[in-house]
Amino acid sequence: MEFSTRLTSLRKERKLLQADVANKVGIARATYGAYEQGSRQPDFDTLENLADFFGVSLDYLLGRTNINSITPQEKDEADFQAFANDPELNVFYRELPESDEEAVRKLRNIWEIIKNEKN
């Protein structure tokens, strides 16, 4: 299976729009659409971001293997990279070090509340 087909399949399996994936990976929707159409190829960094976002190996994404599994360590790293590379969170990362201690303490308390709601 070629890259463009695999990319389209992964997106549709997750019921996402092209714009959803493009926003999370930090590229234009038209650029992402060109990847799915096969009229354009991503650079290596974008390939890594796409693989991380979908939680698959580069070999799987590129169609070099049909084994769609990665080790738990690779999954953890991919999840972290997808989280850390979220453009919406980058603003938060830049502002956090400038925040006072009280604001950071409040943020930690809010996060604990959110975590406990899931459990």
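In case you missed it, the structure is sitting above this.
The text that follows walks through the structure, step by step, so that each part is easy to find. (Residues numbered from 1 in each chain as written. Predicted model: local features only at pLDDT ≥ 70, side-chain atom pairs only at ≥ 80, totals over all residues. Heavy atoms only, no water.)

**Focus: the overall build of the protein**
Within the protein one finds eight helices and zero strands. Of the regular secondary structure in the protein, the N- to C-terminal order runs α-α-α-α-α-α-α-α. Relative to the 2.2 N^0.38 estimate, which gives 14 Å for 119 residues, the radius of gyration of the protein is 17 Å and therefore markedly larger than a compact globule would have. Based on the C-alpha atoms only, the size of the protein along its principal axes is roughly 50 × 30 × 25 Å. Across the protein, the fraction of contacts at a sequence separation of at least 24, relative to all contacts at a separation of at least 6, is 50%. A total of about 8300 Å² of accessible surface is found on the protein, and carbon and sulfur atoms cover 51% of it. Placing the 16 positive and 22 negative side-chain charges of the protein at their respective mean positions leaves the two points 6 Å apart. (Helix = DSSP H or I, 4+ residues; strand = E, 2+ residues; numbered from the N terminus. Rg over C-alpha atoms; globule rule 2.2 N^0.38 Å. Contact = heavy atoms within 4.5 Å. Areas by Shrake-Rupley, 256 points an atom, 1.4 Å probe, with all protein chains shown as cover. Lys, Arg positive; Asp, Glu negative; His and termini not counted. Charge placed at Lys NZ, Arg CZ, Asp CG, Glu CD.)

**A short note on helix α1 (residues 3-13)**
Those residues of α1 that sit buried are Phe3, Ser4, Arg6, Leu7, Thr8, Leu10 and Arg11. In the segment just after α1, Lys15 is the residue with positive phi, at about 55°. (Buried < 20%, exposed > 50% of the residue type's maximum accessible area, 1.4 Å probe, protein only.)

**Digging into the packing of helix α2 (residues 18-25) against helix α4 (residues 44-54)**
At their nearest, the axes of α2 and α4 sit 10 Å apart, and the two run at 115° to each other. The element α2 and its partner α4 pack so that their crossing is right-handed. Of the residues in α4, those in contact with Val21, Lys24 and Val25 of α2 are Thr46, Asn49, Leu50, Phe53 and Phe54. Class assignment of the residues belonging to the contact of α2 with α4 gives a composition of five nonpolar, two polar and one charged. (Axes fitted to C-alpha atoms, helices over the stretch in contact; angles between N-to-C directions. Left-handed = near helix turned anticlockwise from the far one by under 90°. Nonpolar A, V, L, I, M, F, W, Y, C, P; charged D, E, K, R; others polar.)

**A few points about the environment of Ala82**
Inspection of the secondary structure puts Ala82 in helix α6 (residues 72-84). We classify Ala82 as partly exposed; its relative accessible area is 29%. Excluding anything up to four places from it in sequence, Ala82 contacts Asp52 and Phe53.

**Concerning the packing of α1 against helix α3 (residues 29-37)**
Their axes nearest at 6 Å, the elements α1 and α3 cross at an angle of 120°. As summarised for this structure, α1 and α3 are arranged oblique, according to the angle between their axes. For the pair α1 and α3, the contacting residues are Phe3, Ser4, Leu7, Thr8 and Arg11 in the first and Tyr32, Tyr35, Glu36 and Gln37 in the second. Residue composition of the contact of α1 with α3, by class: four nonpolar, three polar and two charged. (Parallel < 35°, antiparallel > 145°, perpendicular 65-115°, else oblique.)

Geometric descriptors of this kind do not, in isolation, establish any biological role.
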